[in-house]
Amino acid sequence: MKCPNCQRDNYPGAKFCLGCGTPLPQPPSRGKLALIALLKAAAYYGLFFVVQTSVMFIYEIALLMPEAFRLGLSGGAIDGDLMERLTETLMDALSKNIHILLILSGALTLLILFFFYHLRRKNPLDEMHLTGTSLPPLAMALILGIAAQFFVSITLTFLPIPESMIESFNENRSTELIYGGGPLWLELISIAVVTPILEEVIFRGLIFTRLRRAMSVSLAVGICAVIFGAVHGHIIAFIYAGLLGILLCLLMLRVNDSVLAPIFCHMGFNFGSYLVNWTFGDTLNMPLMLAFYFVSIALCLICGYLIFRRTAEEE
């Protein structure tokens, strides 16, 4: 450790310079580093949440203000029936435009992050770990995500989960506000492209990387997975999203420390939910489900093995 006063080199951990006695700057404690990392994680997720909520709120206000202004000019009062009609109009408009709003909020969040790091004279791509990697592991990560979605969806069908919990989970996943609102192509861009990019930049590229600088990698993986699972709301989603979060962290660690592999795996997982619906629909075809179940397990094992073996050989 070099003294800031006389420039003498001192042994690591020294509190005072051996030459001039000047107090030496001390590195922050491990607990303080962990606290700072957690605060940064909260700040990054807060940015993600605030931008998305603000875009939705501004859109709602823009919809309701003309009607409120009209009522003010006419001297009308907002009774229960009118409030119900306004709410229905608002929900219908949100359902039709929700994916445009999600794409807009995602782009705005990334733009804010790029501007923030540009002001700090840092490379935004490096800070968010959007570094390049070869195509084969990305393709395998995409297939792995699709196979994982089939595995999770069919496993949930087989498990003896209470019917009430399954119904609440299905209602949580299949709300008309998110699914079925607007054109299918726009929904796919929002759910299977923009959402994975944004969430992986936030959770793996920023939150996970900051946590692992202040604590063990295993603890950072666990905390990041818990946060990722928690934001999905329902207890069933919390479990499988948390496990998926662990896989995504491991992919990032093994594939060039890049967030691109988790992005492609997340894209495959989200797009896989549509493939599951298109494949099985509302019918319970047990032989077909079993066939896809074993194929999905095989693909998960094969892709996982190829990804991790390939990166281990490159090291």
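Notes on the structure follow. (Residues numbered from 1 in each chain as written. Predicted model: local features only at pLDDT ≥ 70, side-chain atom pairs only at ≥ 80, totals over all residues. Heavy atoms only, no water.)

### Looking at the overall build of the chain
Logical step 1: When its secondary structure is counted, the chain shows ten helices and zero strands.
Logical step 2: For the chain, the N- to C-terminal ordering of α and β elements is α-α-α-α-α-α-α-α-α-α. (Helix = DSSP H or I, 4+ residues; strand = E, 2+ residues; numbered from the N terminus.)

### Considerations on the state of the cysteines
Logical step 1: Under the criterion given, the structure shown has zero disulfides.
Logical step 2: With no disulfide partner, Cys265 has as its closest neighbouring cysteine sulfur the one in Cys300, 8.5 Å distant. (Disulfide = S-S within 2.5 Å.)

### Section: a positive patch on the surface
Logical step 1: On the surface, a cluster of positive charge is made up of Lys40, Arg120, Lys122 and Arg213.
Logical step 2: For Lys122, the position within the fold is in the loop between α2 (80-119) and α3 (124-127).
Logical step 3: With a relative accessible area of 33%, Lys122 lands in the partly exposed category. (Patch = residues over 30% accessible without salt bridge, like charges linked within 9 Å, V, L, I, M, F, W, Y side chains within 5 Å. Areas by Shrake-Rupley, 256 points an atom, 1.4 Å probe, with all protein chains shown as cover. Salt bridge = Lys/Arg side-chain N within 4 Å of Asp/Glu carboxyl O. Lys, Arg positive; Asp, Glu negative; His and termini not counted. Charge placed at Lys NZ, Arg CZ, Asp CG, Glu CD. Buried < 20%, exposed > 50% of the residue type's maximum accessible area, 1.4 Å probe, protein only.)

### Remarks on the side chain of Glu199
Logical step 1: In this fold, Glu199 is placed in helix α6 (residues 184-214).
Logical step 2: Arg204 provides the closest opposite charge to the buried, unpaired Glu199, separated from it by 6.0 Å.
Logical step 3: Within polar-contact distance, the side chain of Glu199 engages the side chain of His266 at 3.5 Å. (Polar contact = N/O pair within 3.5 Å; in protein donor to acceptor, adjacent residues only side chain to side chain.)

### Some words on the packing of aromatic side chains
Logical step 1: Going through the model one piece at a time under the given rule, you end up with 15 aromatic pairs.
Logical step 2: On the basis of an interplanar angle of 5° and a centroid distance of 5.4 Å, the ring pair of Phe151 and Tyr293 is categorised as stacked. Residue Phe151 is found in helix α4 (residues 135-158), and its partner Tyr293 is found in helix α10 (residues 286-314); the two are separated by 142 residues along the sequence.
Logical step 3: A relative accessible area of 32% means that Phe151 is categorised as partly exposed.
Logical step 4: Aromatic pair Phe280 and Phe292: ring centres 5.6 Å apart, planes at 80°, arrangement edge-to-face. Remark: Phe292 occurs in helix α10 and Phe280 occurs in helix α9 (residues 260-280); sequence separation between them is twelve residues. (Phe/Tyr/Trp six-rings, centres within 6.5 Å; stacked < 30°, edge-to-face > 60°.)

### Structural notes on the pattern of salt bridges
Logical step 1: With the rule as written, the count across this model stands at three salt bridges.
Logical step 2: Salt-bridge contacts for Glu127 lead to Arg210; the nearest nitrogen and oxygen are separated by 2.9 Å. Taken as a pair, Glu127 in helix α3 and Arg210 in helix α6 lie far apart in primary sequence, 83 residues in all. Both residues of the pair, Glu127 and Arg210, count as buried.
Logical step 3: The closest approach of N and O atoms between Arg204 and Glu200, which form a salt bridge, is 2.7 Å. With Arg204 and Glu200 both in helix α6 and four residues apart, the pair spans about one turn of that helix. Each of the two residues, Arg204 as well as Glu200, counts as buried.

### Focus on unusual backbone geometry
Logical step 1: Residue His129 is not a glycine yet carries a positive backbone phi of 60°.
Logical step 2: With respect to the secondary-structure elements, His129 resides in the loop between α3 and α4.
Logical step 3: Taking the relative accessible area as the measure of exposure, His129 reaches 12% and is therefore buried.
Logical step 4: A positive phi is found at Asn256, a non-glycine position, where the angle reads about 65°.
Logical step 5: Secondary-structure assignment places Asn256 in the loop between α8 (235-254) and α9.

### As for the packing of α6 against helix α7 (residues 217-230)
Two measures define how a pair of helices packs: the angle their axes make with one another and the distance between the axes.
Logical step 1: In the contact formed by α6 and α7, the axes pass within 9 Å of each other and the chain directions differ by 145°. Seen from above, α6 lies across α7 with right-handed handedness. Residues Glu199, Phe203, Arg204, Ile207, Phe208, Leu211 and Arg212 of α6 lie in contact with α7, whose contacting residues are Val217, Ala220, Val221, Ile223, Cys224, Ile227 and Phe228. (Axes fitted to C-alpha atoms, helices over the stretch in contact; angles between N-to-C directions. Left-handed = near helix turned anticlockwise from the far one by under 90°. Contact = heavy atoms within 4.5 Å.)

### A word on the environment of Leu110
Logical step 1: Tracing the backbone shows Leu110 in helix α2.
Logical step 2: Spatially, the C-alpha atoms of Leu110 and Ile202 are 9.3 Å apart, while their sequence positions differ by 92 residues.
Logical step 3: Discounting residues that sit within four places of it in the chain, Leu110 has contacts with Ile197, Leu198 and Val201.

### Section: α8
Logical step 1: The first and last C-alpha atoms of α8 sit 29 Å apart over 20 residues, in line with the 28 Å expected at 1.5 Å per residue.
Logical step 2: Turning to α8, its buried residues are Ile236, Ala237, Tyr240, Ala241, Gly242, Leu244, Gly245, Leu248, Cys249, Leu251 and Met252.
Logical step 3: Residue Asn256 follows α8 closely and has a positive phi angle near 65°. (Expected span 1.5 Å × (residues − 1).)

### Considering α9
Logical step 1: Compared with the 30 Å implied by 1.5 Å per residue over 21 residues, the 30 Å span of α9 between its first and last C-alpha is a close match.
Logical step 2: A bend of about 25° at Gly272 is the largest found in α9.
Logical step 3: Just past α9, the residue Gly281 takes up positive phi, approximately 60°. (Bend = angle between axes of the 7 residues up to and from the residue.)

### Here's the deal with a nonpolar patch on the surface
Logical step 1: On the surface, Met165, Val226, Ile235, Phe238, Ile239, Leu243, Ile246 and Leu250 cluster together into a nonpolar patch covering about 660 Å² of accessible area.
Logical step 2: Looking at the nonpolar patch element by element, the count peaks at six residues for α8.
Logical step 3: In this structure, Leu243 sits in helix α8.

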